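In case you want the letters, here they are:
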Amino acid sequence: MRLGNVMKKLRKAVFPVAGLGTRFLPATKAIPKEMLTVVDKPVIQYVVDEAREAGIEHFIFVTGRNKTVIEDHFDVQVELYNTLAERGKDEVLARLQRMQPAPGQTSFTRQQVPLGLGHAVWCARDLVGDEPFALLLPDMIMQSEKGCLAQMVDLYEKTGGNVVAVQECDPAEAHKYGIVGPGAAAHGGFTIDSMVEKPKRGTAPSNLYITGRYILQPQIFDVLSAQEKGAGGEIQLTDAMLKMKKDQAFFGYNYRGRTFDCGSPEGFVEANIAFALWRSDMHDYIAHAIDGLYGTVKPVERRKATR
Ligand code: G1P
């Protein structure tokens, strides 16, 4: 759906980073889970890089207590940059500068109480204002030549409205996610018929799960402001989207690429392996190391393995 003749450009992205990361204790006792590294970049940097590639100009972080290091990470570290320059470490300096948001391109606000994803998104309402925005859940990182959000923007430029990225999951896992029921094919995506957050086993309308990338119109904030608690006793974004679907078009986009759930230790380790293998300077070493370990390292009881 085009909103009149003017489709506002997508300039802003919201990153909800308030979660406690309890599944990663003790690693996350003092470090936010978004700052854990996949190969040599924090998880949050992958997601911000994906947004920048898609043309995003303003990065809005919904943080919580003990997350100030995320703000520091996106700041200019003057002394560090000077030292790198003095020591001739031009390559690493250039890499840091490429990832560096420009002055004024970041905003931070806090979700004071953990009331759910819908509430976290709502906390960004004043910073987003009256324009469409991208929403990227940093638990999920994606691997593809062209980033997931950039792929979605291609669809959005044809359809307008709201776009949600999906992929197929094992039907036995559907209860862990938001699931969409697909309608008709449209412009390389499809219209969404239904959406349900964490469906009870055996009730999901399909196996297409919401991967954590969205393009949303700002009216979602009005819906969220009146949204009641849903699955898990939390204010759910999926419930609000379902409500907004009565007035606005929602399109699904079948993301072409790999998705890693860095919210779970297994997915996080998998992401590390996949991103190491993706790098030409590491591929052979890591492939060889995996080969050597697999079959020789036998599992031991978890308590012994992790102390
Ligand atoms: C959230 C969303 C869900 C989506 C998932 C992807 O759930 O509510 O619709 O499928 O992210 O990771 P959460 O992981 O916060 O339970």
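Here is a short report on the structure shown in this document. (Residues numbered from 1 in each chain as written. Predicted model: local features only at pLDDT ≥ 70, side-chain atom pairs only at ≥ 80, totals over all residues. Heavy atoms only, no water.)

So, the overall build of the protein
The secondary structure content of the protein amounts to 12 helices and 13 strands. The C-alpha radius of gyration computed for the protein amounts to 20 Å, which stays within 12% of the reference 19 Å derived for 307 residues, consistent with globular compactness. Each principal axis of the C-alpha distribution contributes one length, and for the protein these read about 55 × 45 × 40 Å. In the protein, which comprises 307 residues, the share counted as buried stands at 46%. Counted over contacts in the protein with a minimum sequence separation of 6, partners at least 24 positions apart contribute 76%. When the accessible area of the protein is evaluated, it comes to approximately 16300 Å², of which 53% is carbon and sulfur surface. Distance between charge centres in the protein, computed from 37 positive and 37 negative side chains, equals 4 Å. (Helix = DSSP H or I, 4+ residues; strand = E, 2+ residues; numbered from the N terminus. Rg over C-alpha atoms; globule rule 2.2 N^0.38 Å. Buried < 20%, exposed > 50% of the residue type's maximum accessible area, 1.4 Å probe, protein only. Contact = heavy atoms within 4.5 Å. Areas by Shrake-Rupley, 256 points an atom, 1.4 Å probe, with all protein chains shown as cover. Lys, Arg positive; Asp, Glu negative; His and termini not counted. Charge placed at Lys NZ, Arg CZ, Asp CG, Glu CD.)

A look at the site of the ligand
In the vicinity of the ligand, the contacting residues are Leu-117, Leu-137, Met-140, Tyr-177, Gly-178, Glu-197, Lys-198, Ile-210, Tyr-214, Gln-236 and Thr-238. Between the ligand and Glu-197, the relevant distance is 2.7 Å, taken from an oxygen atom to a side-chain nitrogen or oxygen of the residue. Bound to the protein, the ligand loses 78% of the 380 Å² it would expose on its own. (Near = heavy atom within 4 Å. Polar contact = N/O pair within 3.5 Å; in protein donor to acceptor, adjacent residues only side chain to side chain.)

So, the pattern of salt bridges
All chains considered together, the criterion is met by 16 salt bridges. When the shortest N-O distance is used, the salt bridge between Glu-57 and Arg-11 registers 3.8 Å. With Glu-57 in the loop between helix H1 (43-53) and strand E4 (58-63) and Arg-11 in the segment before strand E1 (12-16), the pair connects residues that are 46 residues apart, well separated along the chain. Put simply, Lys-146 and Asp-154 hold a salt bridge, and the shortest N to O gap is 2.7 Å. By relative accessible area, which is 37% here, Lys-146 ends up partly exposed. Residue Asp-154 is classed as partly exposed on the basis of its relative accessible area of 33%. (Salt bridge = Lys/Arg side-chain N within 4 Å of Asp/Glu carboxyl O.)

Focus on unusual backbone geometry
Only a minority of non-glycine residues have a phi that is not negative, and only a minority of peptide bonds are not trans. In this chain, Leu-25 is followed by Pro-26 through a cis amide linkage whose omega measures 5°. In this structure, Pro-26 sits in the loop between E1 and strand E2 (37-38). Look at Asn-66: it is not a glycine, yet its phi comes out positive at around 65°. Residue placement: Asn-66 occurs in the loop between E4 and helix H2 (68-73).

So, the nonpolar core
Of all hydrophobic cores here, the largest spans 44 residues; its most connected members are Phe-15, Val-38, Phe-61, Ile-141 and Leu-149. Here this core takes seven residues from helix H7 (residues 148-159), the largest share from any one element. Here Phe-61 is in contact with Phe-15, Val-17, Ile-44, Val-48, Ile-70, Phe-74, Thr-106, Ser-107, Phe-108 and Thr-109, once residues within four sequence places are set aside. In this structure, Ala-124, Leu-237, Ala-240 and Phe-250 belong to the second largest nonpolar core, which totals 30 residues. (Core = buried A, V, L, I, M, F, W, Y, C linked by side-chain atoms within 4.5 Å.)

Considerations on helix H10 (residues 265-278)
Taking 1.5 Å per residue, 14 residues should reach 20 Å; H10 reaches 20 Å between its end C-alpha atoms and fits that length. Here H10 has its buried residues at Gly-267, Phe-268, Ala-271, Ala-274, Phe-275 and Ala-276. In this fold, the buried residues of H10 make contact with E2, H1, strand E7 (140-143), strand E13 (258-261) and helix H11 (283-293). (Expected span 1.5 Å × (residues − 1).)

Observations concerning the packing of helix H3 (residues 78-86) against helix H4 (residues 90-99)
Their axes nearest at 8 Å, the elements H3 and H4 cross at an angle of 150°. On the basis of their axis angle, the class for H3 and H4 is roughly antiparallel. Every residue of H4 that contacts H3 at Leu-80, Tyr-81, Leu-84 and Ala-85 is listed here: Val-92, Leu-93, Leu-96 and Gln-97. Among the residues making up the contact of H3 with H4, the classes are represented as seven nonpolar, one polar and no charged. (Axes fitted to C-alpha atoms, helices over the stretch in contact; angles between N-to-C directions. Parallel < 35°, antiparallel > 145°, perpendicular 65-115°, else oblique. Nonpolar A, V, L, I, M, F, W, Y, C, P; charged D, E, K, R; others polar.)

Digging into the side chain of Gln-100
Mapped onto the secondary structure, Gln-100 falls in the loop between H4 and strand E5 (106-110). A polar contact is formed between the side chain of Gln-100 and the backbone oxygen of Phe-74, at a distance of 2.8 Å. Beyond its immediate sequence surroundings of up to four residues, Gln-100 is in contact with Arg-52, Phe-74, Asp-75, Val-76 and Tyr-81.

Points about a nonpolar patch on the surface
Residues Val-269, Ile-273, Ile-290 and Tyr-294 make up a contiguous nonpolar surface patch of about 410 Å² in total accessible area. When you line up the elements, Tyr-294 lands in the loop between H11 and helix H12 (302-306). (Patch = residues over 30% accessible without salt bridge, like charges linked within 9 Å, V, L, I, M, F, W, Y side chains within 5 Å.)

What to know about the packing of H10 against H11
Running from amino to carboxyl end, H10 crosses H11 at an angle of 135°, the nearest separation of the two axes being 7 Å. For the element pair H10 / H11, the angle class is oblique. Every residue of H11 that contacts H10 at Ile-273, Ala-276 and Leu-277 is listed here: His-283, Ile-286, Ala-287 and Ile-290. Taken together, the residues of the contact of H10 with H11 break down into six nonpolar, one polar and no charged.

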